[in-house]
Amino acid sequence: MPVSLDRLLVVGISSRALFDLEVEEAIFRTQGLEAYRQHQLDNENEILKLGAGFALVRALLKLNALTPDQRLVEVVIMSRNSTETSMRIFNSIKHYDLDITRAVLSGGASLAPYLQAFNVSLFLSLHEDDVQAAVNCGVASALLYQKPANAFEELDQIRIAFDGDAVIFSDESERIYQTQGIEAFENHERENALKPLPEGPFARLLKALSFIQNGFKNVEGRTALAPIRTALVTARSSPAHERVIRTLRAWDVTIDETFFMGGVAKSDVLAAFKPHMFFDDQAGHCERASPLVQTGRVPLRDGIAIAKTN
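The rules behind the values
- Residues numbered from 1 in each chain as written.
- Predicted model: local features only at pLDDT ≥ 70, side-chain atom pairs only at ≥ 80, totals over all residues.
- Heavy atoms only, no water.
- Helix = DSSP H or I, 4+ residues; strand = E, 2+ residues; numbered from the N terminus.
- Rg over C-alpha atoms; globule rule 2.2 N^0.38 Å.
- Buried < 20%, exposed > 50% of the residue type's maximum accessible area, 1.4 Å probe, protein only.
- Contact = heavy atoms within 4.5 Å.
- Areas by Shrake-Rupley, 256 points an atom, 1.4 Å probe, with all protein chains shown as cover.
- Core = buried A, V, L, I, M, F, W, Y, C linked by side-chain atoms within 4.5 Å.
- Pairing = 2+ DSSP bridges.
- Axes fitted to C-alpha atoms, helices over the stretch in contact; angles between N-to-C directions.
- pLDDT = per-residue confidence, 0-100.
- Salt bridge = Lys/Arg side-chain N within 4 Å of Asp/Glu carboxyl O.
- Parallel < 35°, antiparallel > 145°, perpendicular 65-115°, else oblique.
- Nonpolar A, V, L, I, M, F, W, Y, C, P; charged D, E, K, R; others polar.

1. As for the overall build of the protein chain
Scanning the protein chain for helices and strands turns up 13 helices and 10 strands. On C-alpha atoms alone, the protein chain measures out to a radius of gyration of 20 Å, which is about the 19 Å that the 2.2 N^0.38 rule sets for 310 residues. Projecting the C-alpha coordinates of the protein chain onto the three principal axes gives extents of approximately 60 × 50 × 40 Å. Within the span of the protein chain, comprising 310 residues, buried residues form 52% of the whole. Taking the contacts inside the protein chain whose residues are at least 6 apart along the sequence as the reference set, 77% of them involve residues at least 24 apart. If you sum the accessible surface of the protein chain, you get close to 14500 Å²; carbon and sulfur atoms cover 51% of it.

2. A look at the environment of Ala283
Of note, Ala283 is situated in helix H13 (residues 283-289). Remark: the alpha-carbon pair of Ala283 and Arg297, spanning 14 residues in sequence, is separated by 6.8 Å. Discounting chain neighbours no more than four positions away, the residues touching Ala283 are Tyr145 and Arg297.

3. Here we look at the side chain of His188
Assignment of secondary structure puts His188 in helix H9 (residues 182-191). Of the residues examined, His188 reaches a relative accessible area of 18% and is grouped as buried. For His188, the residues in contact, after removing those within four places along its chain, are Glu172, Ser173, Ile176 and Arg243.

4. So, the nonpolar core
Leu18, Ile100, Leu124, Phe162, Phe202 and Phe279 are the most contacted members of the largest nonpolar core, which totals 54 residues. Ranked by residues supplied to this core, first place goes to helix H4 (residues 54-61) with six residues. Excluding residues within four positions of it along the chain, Phe202 makes contact with Leu122, Ala140, Ser141, Ala142, Phe162, Val167, Ile168, Phe279 and Val298. Formed by 15 residues, the second largest nonpolar core is a distinct cluster that contains Leu5, Val76, Val104 and Ala134.

5. Focus: the sheet that holds strand S10 (residues 295-297)
The strand order across the open sheet formed by 10 strands is S3-S2-S1-S4-S5-S10-S9-S6-S7-S8, and the pairing between neighbours is mixed. Both outer strands of the open sheet, strand S3 (102-105) and strand S8 (257-260), are each paired with one neighbouring strand and no more. Across the sheet, the mean angle from the axis of one strand to that of its neighbour is 25°, orientation sign disregarded. As paired strands, strand S7 (residues 228-234) and S8 are joined by four bridges and run parallel to one another. For Ala231, the partnering residue across the bridge sits in S8 and is Glu257.

6. Brief notes about the environment of Asn64
Tracing the sequence through the fold places Asn64 in helix H5 (residues 63-66). Since its relative accessible area comes to 10%, Asn64 is described here as buried. Residues Asn64 and Pro201 lie 137 residues apart in sequence; the distance between their C-alpha atoms is 25 Å. Ignoring sequence-local partners within four residues, the contact set of Asn64 consists of Arg71, Leu72, Val73 and Asp99.

7. As for the confidence of the model for the protein chain
On average, residues of the protein chain score 89 in pLDDT, and 92% of them reach the 70 mark or higher. Within the model, the stretch residues 305-310 combines pLDDT values under 50 with 27 contacts to residues more than four positions away or in other chains.

8. Digging into the pattern of salt bridges
Counting across every chain of the model gives 22 salt bridges. Residue Glu24 is joined to Arg88 by a salt bridge in which the shortest nitrogen-to-oxygen separation is 2.8 Å. Placement of the pair is Glu24 in helix H2 (residues 22-31) and Arg88 in helix H6 (residues 87-95), with a sequence separation of 64 residues. The class for Glu24 is buried, based on a relative accessible area of 5%. The class for Arg88 is buried, based on a relative accessible area of 7%. Here Asp171 makes a salt bridge to Arg175, at a shortest N to O gap of 3.2 Å. Residue classification places Arg175 among the partly exposed positions, given a relative accessible area of 31%. In the salt-bridge network here, residues are joined through shared partners; they are Arg16, Glu22, Glu25 and Arg29.

9. Some details on unusual backbone geometry
Of the consecutive residues Ser238 and Pro239, the connecting peptide bond is found in the cis state with omega at 10°. With phi around 55°, Asn119 is a residue other than glycine that occupies positive phi space. The backbone of Asp252 sits at a positive phi, close to 60°, despite the residue not being glycine. A relative accessible area of 65% places Asp252 in the exposed class.

10. Some remarks on the packing of H2 against helix H3 (residues 33-42)
Packing of H2 against H3 leaves a shortest axis separation of 7 Å and a crossing angle of 150°. The angle between H2 and H3 places the two elements in the roughly antiparallel class. Contact residues: H2 offers Glu24, Ile27, Phe28 and Gln31, while H3 offers Leu33, Ala35, Tyr36, His39 and Gln40. Classifying every residue of the contact of H2 with H3 gives five nonpolar, three polar and one charged.

Structure below.
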């Protein structure tokens, strides 16, 4: 009987996001495919350094050790490498003792058609075209920034921070701000405070994490030592806060820490929270956060940027 990934949190990650392949990327761009191929073959037994997504992947895979009778997380390497040049990647996975057994090696073709085939819940890459294609397919996806200096600090919990609008929630409300201004936006949110916000691209991921968290509750409820801790870090403030709170209630999702920033820069709060990954859709927010915490930018599905305030 075939194995089903339907009830697992499946993370698809590119080889360049899992490992540091910047030297190899430069060879490919400046010298071409044949030079890249030969470099990988010549260095097949050289272990790759850790990449931008490594800490999150390693932390998520540790969840499986907490539930030996049931896997919670599956990680799939999704690479444009050919089969011939992939051995260095597999050797590095083995070296770091990562429980990763599945891979897509597309030989230069687009990865997007295979995301649904592996039931991918989250796709991480350093290639913008692949991320945009994944977003257009309806998969929660992020373009990773290069890792900050503290990216591999060991933490007792998996910590993930999310922006709100256009990430957890849809971009519907901020489009009102863009076209009609802040007063119209605040009136809209006040008038619709009892109406749940539509789901954004990362709503499914947040719900999956919440479901996993609920599995670790004790009789007294979740404790501070739960294996996953989430945070919402949003530029929203009163009166736009109520709709967010009521939406999460309607979804039966508990976020452990919430920060209504009201336009204050998010960087210091993120540095204190220390997430394995912070997801935001705005380049400015990501650029300020990325030197401090590992950051992934979430493109809009249609690829059109929005002036973000909330």
